[in-house]
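Residue-level structural notes
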Amino acid sequence: MDFEQSPDRIRGTARVGDERPKKAPVPVKIIVAGGFGVGKTTTVGAISEIAPLTTEAEMTSASVGIDDPGQAVTKTTTTIAMDFGVLTIDQTLKLYIFGTPGQPRFAFMWDDLIKGALGALVVVDTNRIDDCYPAVDYFERAGLPFVVGVNTFNGQMNYNLEEVRWALAVRDDVPVLSFDARFRASVRDALLVVLDQALDKAIRAKST
């Protein structure tokens, strides 16, 4: 029996036609930072398409007077190293999301965590504005593009966004937005703004 030779057939392989391997998406590292108990772990967990890697430890009596959960009286764990999640934006772009620990005693880890990052989402709790200054100051000094995201706990905000900008002395070119760390779509929209900031910085750098 004779068979016609197809011009699309590649002998010795299982591949047929002119299919080519797809390019892997470009990896982009994004930081989720902020003070203790503002919702960083919740943010990473809500958006990650994989089971998020967390380094949660039980809060014990030894942390009394050191780690203040504020109004989050049901908080029983705390991040002691980092959170990690992944989000594929499209076929060309994949986000690798790193959440920082919030306690001041773990601040030394931030310098390592931000290496290679293109931008950051600084999560803010309006119930404890004073605890949010260090994160804003850190990224201003680091020169990393960032966005201030006010986490609307229970869908409520104690102050409007312009009041938050004024209270934290955030520059006019830094976006201040509200989002809900519990909901995937809300977190996604906030991270897309971070990407826009990173892209703007890259374009400005290229033009100079």
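So, here's what we can say about the structure. These figures come from a predicted structure and were not determined experimentally. (Residues numbered from 1 in each chain as written. Predicted model: local features only at pLDDT ≥ 70, side-chain atom pairs only at ≥ 80, totals over all residues. Heavy atoms only, no water.)

Counting buried residues in strand 7 (residues 146-151) gives 6 out of 6 residues, a clear majority hidden from the surface. What you see with strand 7 is no split at all: F146, V148 and V150 on one side and V147, G149 and N151 on the other are buried throughout. The sheet contact formed by strand 6 (residues 119-124) and strand 7 spans 5 bridges and is parallel. Counted as the bridge partner of V123 is G149 from strand 7. Once the chain exits strand 6 it traverses helix 3 (residues 133-142) before rejoining the sheet at strand 7, and the crossover so formed is right-handed. (Buried < 20%, exposed > 50% of the residue type's maximum accessible area, 1.4 Å probe, protein only. Helix = DSSP H or I, 4+ residues; strand = E, 2+ residues; numbered from the N terminus. Pairing = 2+ DSSP bridges. Right-handed = clockwise from strand over helix to strand, strands pointing away.)

Now for the pattern of salt bridges. Overall, the coordinates contain 7 salt bridges when judged by the stated rule. For D180, the salt bridge goes to R182, with nearest N and O atoms at 2.6 Å. Relative accessible area serves as the criterion here: at 9%, D180 is assigned to the buried category. Assessed through its relative accessible area of 45%, R182 is described here as partly exposed. (Salt bridge = Lys/Arg side-chain N within 4 Å of Asp/Glu carboxyl O.)

Before going further, it helps to spend a moment on the sheet that holds strand 4 (residues 83-90). Pairing is mixed across the open sheet formed by 6 strands, whose spatial order is 4-5-1-6-7-8. For this open sheet the edge positions go to strand 4 and strand 8 (176-179), each flanked by a neighbour on one side alone. Across the sheet, the mean angle separating the axes of adjacent strands is 30° when strand polarity is ignored. Helix 1 (residues 40-47) contacts strand 1 (26-34), strand 4, strand 5 (93-99), strand 6 and strand 8 of the sheet and is inclined by roughly 40° relative to strand 4. (Axes fitted to C-alpha atoms, helices over the stretch in contact; angles between N-to-C directions. Contact = heavy atoms within 4.5 Å.)

So, about the nonpolar core. With 27 residues, the main nonpolar core has I31, F139, F146, V148 and L168 as its most contacted residues. At the level of elements, strand 1, strand 4, helix 2 (110-113), strand 6, helix 3, strand 7 and helix 4 (161-168) are the ones that each hand at least two residues to this core. Per element, the largest residue contribution to this core is 4 residues, and it comes from helix 3. Residue contacts for F139: discarding those within four places in its chain leaves I31, A33, W110, I114, A120, V122, L144 and F146. Grouped together as the second largest cluster of nonpolar side chains are 22 residues, I30, I97, F179 and L191 included. (Core = buried A, V, L, I, M, F, W, Y, C linked by side-chain atoms within 4.5 Å.)

On their own, these measurements won't tell you what the molecule is for.
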